[in-house]
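# Geometric and topological summary
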Amino acid sequence: MPVNLIPQPLSLDMRPNSFFLDAAVSLIADSDLLELVALLNQHLKQHLGFELQMAPLTTTVTTVTANSNAANRAIQLSLDPALTSKHPEAYTLDISPLKVDLKAASASGLAVGLSSLRQLIMSAEGGKIPCLAISDEPRFGWRGAMLDVSRHFMPKDFVLKFIDLLSLHKLNILHWHLTDDQGWRIEIKRYPKLTEKASMRQATLIGHSRERPRRYDDVPHGGFYSQEEIREVVAYAAARQVTIVPEIDMPGHMQAAISAYPELGNTDMSLNPRCHWGISQHILNPMPETVRFMQHILEEVMDLFPGPFIHVGGDEALKHEWSESRKVQDRMAELGLKSEDELQSWFISQMAETIQARGRRLIGWDEILEGGLSKGATVMSWRGSQGGIEAAKLGHNVVMAPNTHTYFDYYQADPAHEPLAIGSLIDLAKVYHFEPLPEELNEQEKNLILGTQAQLWAEYLPNPAQVEYMAFPRLCALAEVAWCPQGTKDYDVFEMRLREHLKRLDRLAVNYRPL
């Protein structure tokens, strides 16, 4: 019978018979894999109501042809050095009547293999999993989604659920947009007013930002994650081999921070976190004290997030205040810079030094190309693919996140019949047909494309249910874009598999948009 896995494995062969999964099954694994064993048991408890006892890896399973009720049925997890020559996340899943044998090149490979096994478990009828053989590996190493919690704060429990849903679809990056004009969401011990003042706005825009006159609900909106909560989220993600990329957006998108620490700004105006959407003209000043302030923040951020990438935004930094400020212009002259774009590039380079000193990598939106790109920086291309093309031709790594295909805050059907969204239209088929590797690049340049991700900007996503509605099933389509080799995808077949996969999302109480 079809198993309807999403994303579709590289190779899948169905076999006769099935494996009967109940509490009598042994779970065999090396002691180094205890975290993944615990993850599998969590899935079993959630979906079938029981956990399995772990046995040492030396346990053997007798080979038989059909007796699936034999007492020595087992699930075995193991690392296979032979797979390391293929891909770091390569795995094989072999299911016979007596054994589920999952092998991988690494812990991350086992995690994505467990995602396939979990989907099979969720669809198991009477505890029976079909016998099959899967040999699989991803097309791209960066497969993710960006979650904006600044415009609308999302509870910690939902962030955990979202990570779990990423893992289910073999997505391995959560880009966590933690700060913006409308709210600061991460506790910074050194600067407590960031959460005391900058995490709370006094009202939120009603309706669309283009409507006039603007109307507000006059309901305070706020929230932030304590450092203890962030450590919990990071550990939860790590157990699922999901890496969190935190974003502290700068030098623009910083009105909330400036409202708490006015010395970071360029004027004497008294500010509050922004209550409507769009781009604020208020921007960080480039003075040494502000640079150190932001470097101190990044130090605390890097203490909390162990992943290799730190996102510094760099997008939509309006420079009117810089052009009008005598103090800033004097600073430009002092630094020998000829434009405000060069000044932003200098500012980002100061952050890059701090990040690289800790052995990490800076990533930013494609505006960081303007005025010169810091050595070693990675570019996230959002204004179409052009920024990614330019960065790759300069020898930089790129994540393709174009607003033409991966902005899931856009409508997914006729706006007349959909909840309010920012605009434009990206339906399921358009996501599925997205190709992350631009034709303009040669093979060497294409190798610099790390992968792709979805964007869930939250101006019009006021709660977790609406995030889920906009994310799914489009995130299922992007999972195949990121995982499956070019030329192997078939939209009609995907849609058929998706209809069955949505039953799994029903079991997880996901508020997806129906097909």
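Within any chain, residue numbers begin from 1 and follow the written order of that chain's sequence. In view of the model being predicted, local features appear only for residues whose pLDDT reaches at least 70, and side-chain atom pairs are presented and counted only at 80 or more, with totals across whole chains, interfaces and linings using the full set of residues. Each side-chain value is derived from all of the structure's non-hydrogen atoms; neither hydrogens nor water enter the calculation.

Turning our eyes to something else, we now look at the environment of Val242. Secondary structure counts use DSSP, requiring at least four H or I residues in a row for a helix and at least two E residues in a row for a strand, with both numbered from the N terminus. Mapped onto the secondary structure, Val242 falls in the loop between helix H5 (227-239) and strand E16 (243-250). Among the residues examined, Val242 registers a relative accessible area of 5% and is labelled buried. Distance from Val242 to Leu166, taken between C-alpha atoms, is 8.0 Å for residues 76 residues apart in sequence. Not counting the four nearest positions on each side in its chain, Val242 is found in contact with Ile163, Ser167, Leu171, Asn172, Ile173, Leu174 and Ala237. Here's how the labels work: a residue is buried when its accessible area is under 20% of the maximum for its type, exposed when over 50%, partly exposed in between, all with a 1.4 Å probe on protein chains only. Here, residues are in contact when the closest pair of their heavy atoms is within 4.5 Å.

Bringing the pairing of strand E21 (residues 449-456) into the picture now. The buried fraction of E21 is high, at seven of eight residues. In this structure, strand E8 (residues 142-148) lies alongside E21, joined through six bridges in parallel fashion. Each residue of the ladder has a partner; that of Leu147, found in E21, is Leu456. Two strands qualify as a pair provided DSSP detects at least 2 bridges between them. Where strand E20 (residues 398-400) and E21 come together, three bridges link them in parallel fashion. Bridging from a neighbouring strand, Met400 pairs with Thr452 of E21.

Right, let's talk about the packing of aromatic side chains for a bit. Centres within 6.5 Å make a pair out of two Phe, Tyr or Trp rings, where for Trp the six-membered ring is used; the pair is then stacked when the planes are under 30 degrees apart, edge-to-face when over 60, and tilted otherwise. In total, this model carries 16 aromatic pairs according to the counting rule given. Taken together, a centroid distance of 4.9 Å and an interplanar angle of 50° make the contact between Trp176 and Tyr225 tilted. Here Tyr225 lies in the loop between strand E15 (221-222) and H5 and Trp176 lies in strand E9 (residues 173-177), a separation of 49 residues in the sequence. Accessibility classification places Trp176 together with Tyr225 in one group, the buried group. Taken together, the ring pairs connect Trp365, Trp382, Tyr407, Tyr410 and Trp457 into an aromatic cluster. Two conditions define a charge located above a ring, namely a distance within 6 Å from the ring centre to NZ of Lys or CZ of Arg, and an angle within 35 degrees of the ring normal. Here the basic side chain of Arg240 rests over the ring of Tyr236, its NZ or CZ set 3.5 Å away from the ring centre. Above the plane of the ring of Tyr432 lies Lys489, whose end atom (NZ or CZ) is 5.7 Å from the centre.

Okay, the pattern of salt bridges next. Here, a salt bridge means any side-chain nitrogen of Lys or Arg that lies within 4 Å of a carboxyl oxygen of Asp or Glu. Per the stated rule, a full pass over the model turns up 26 salt bridges. With a shortest N-O distance of 3.3 Å, Arg151 and Asp180 are connected by a salt bridge. On the criterion of sequence distance, the pair formed by Arg151 in the loop between E8 and helix H3 (156-168) and Asp180 in strand E10 (residues 179-180) is long-range, its members being 29 residues apart. In this structure, Arg151 and Asp180 share a single accessibility class: buried. Between Arg331 and Glu334 there is a salt bridge, and its shortest N-O distance comes to 2.8 Å. You can see Arg331 and its partner Glu334 sitting in helix H9 (residues 326-335), three residues apart, about one turn around the helix.

The omega torsion across Ile6 and Pro7 is 0°, close enough to zero to call that bond cis. With respect to the helices and strands, the residue Pro7 is situated in the segment before strand E1 (11-20). Cis geometry marks the peptide bond from Phe472 to Pro473, where omega comes out at 10°. For Pro473, the position within the fold is in the loop between helix H14 (464-471) and helix H15 (474-483). Although it is not a glycine, Ala509 sits at a positive phi angle of roughly 55°. As for its position among the elements, Ala509 is in the segment after helix H16 (491-507).

Let us now look at the sheet that holds E8. Taken in spatial order, the eight strands line up as E8-E9-E16-E17-E18-E19-E20-E21 and close into a barrel, and their pairing is parallel. Sheet twist, expressed as the average angle between the axes of neighbouring strands with direction ignored, equals 30°. Under this scheme, a helix contributes an axis fitted over its contacting stretch, all axes are lines through C-alpha atoms, and angles between N-to-C directions fall in the 0 to 180 degree range. Packing of helix H11 (residues 386-393) onto the sheet brings it into contact with strand E19 (378-381), E20 and E21, and relative to E19 it is tilted by some 160°.

Hydrogen bonding along the main chain pairs the strands of a sheet, whether they run parallel or antiparallel. A sheet is described by the order of its strands in space; here seven strands give the open sequence E1-E7-E5-E6-E4-E2-E3, paired in mixed fashion. Bordering the open sheet on either side are E1 and strand E3 (54-55), each of which pairs with just one other strand. The pairing of strand E5 (residues 91-95) with strand E7 (residues 128-136) spans five bridges and is antiparallel. Bridged to Tyr91 within E7 is Asp136. In the packing of helix H2 (residues 107-122) onto the sheet, the strands contacted are strand E4 (74-79), E5, strand E6 (99-104) and E7, and the crossing angle to E5 comes to about 35°.

Now for the packing of H2 against H3. In contact at an axis separation of 8 Å, H2 and H3 are set at 100° when each is read in the N-to-C sense. Here H2 lies roughly perpendicular to H3, going by the angle between them. Along the contact surface, H2 presents Ser115, Arg118, Gln119 and Met122, while H3 presents Asp164, Ser167 and Leu168. When residue character is reported, Ala, Val, Leu, Ile, Met, Phe, Trp, Tyr, Cys and Pro are called nonpolar, Asp, Glu, Lys and Arg charged, and the others, Gly included, polar. Classifying every residue of the contact of H2 with H3 gives two nonpolar, three polar and two charged. Roughly parallel here means an angle under 35 degrees, roughly antiparallel means over 145, roughly perpendicular means 65 to 115, and every remaining angle is called oblique.

Once that is clear, we can look at helix H10 (residues 340-357). Helix span, expected: 1.5 Å multiplied by one less than the number of residues in the helix. The terminal C-alpha atoms of H10 lie 26 Å apart, and with 18 residues this matches the ideal 26 Å at 1.5 Å per residue to within 8%. Residues of H10 that are buried include every one of Leu343, Gln344, Ser345, Trp346, Phe347, Ile348, Gln350, Met351, Ala352, Thr354 and Ile355, and no others. Elements that come into contact with the buried residues of H10 comprise E16, helix H7 (288-304), strand E17 (309-313), helix H8 (320-324), H9 and strand E18 (361-365). Phi turns positive, to about 75°, at Gly359, one or two residues after H10.

Confidence scores per residue from the predictor, reported as pLDDT, run from 0 to 100. Mean pLDDT over the chain stands at 95; residues scoring 70 or higher make up 97%. For the chain, E3 is the element with the lowest average pLDDT, namely 84, and E9 is the one with the highest, namely 99.

On to the pairing of strand E2 (residues 26-29), then. Pairing analysis gives four bridges linking E2 to E4, with the strands arranged parallel. Its bridge partner being in E4, Ser26 is matched across the sheet by Ala74. Sheet topology places E2 next to E3; two bridges connect them, and they run parallel. Looking at E3, one finds that Leu27 is bridged to Met54. The definition of a right-handed crossover adopted here requires that, viewed with the strands pointing away, the path from the first strand over the helix to the second runs clockwise. Considered for its hand, the β-α-β crossover made up of E2, helix H1 (residues 34-48) and E3 is right-handed.

What follows deals with H16. Within an α-helix, residues lying three or four positions from one another point in the same direction, as the helix has 3.6 residues per turn. Between its first and last C-alpha atoms H16 spans 24 Å; for 17 residues at 1.5 Å apiece the expected length is 24 Å, and the two agree. At Arg499, H16 shows its largest bend, some 30°. Within H16 the residues assigned to the buried category are Tyr491, Phe494, Arg497, Leu498, His501, Leu502, Arg504 and Leu505. Its buried side turned inward, H16 meets H2, H3, helix H12 (428-432) and H15. For the purposes of these results, a polar contact is taken to be a pair of N or O atoms within 3.5 Å, where, inside protein, one atom must be able to donate a hydrogen and its partner to accept one; residues adjacent in sequence count only when each atom of the pair is a side-chain atom. For H16, the N-terminal cap is Asp490; the gap from its side-chain oxygen to the backbone nitrogen of Asp492 is 3.0 Å. Trailing H16 by a residue or two, Ala509 shows a phi angle of about 55°, which is positive. Bend angle per residue: angle between axes fitted to the 7 residues ending at that residue and the 7 residues starting there.

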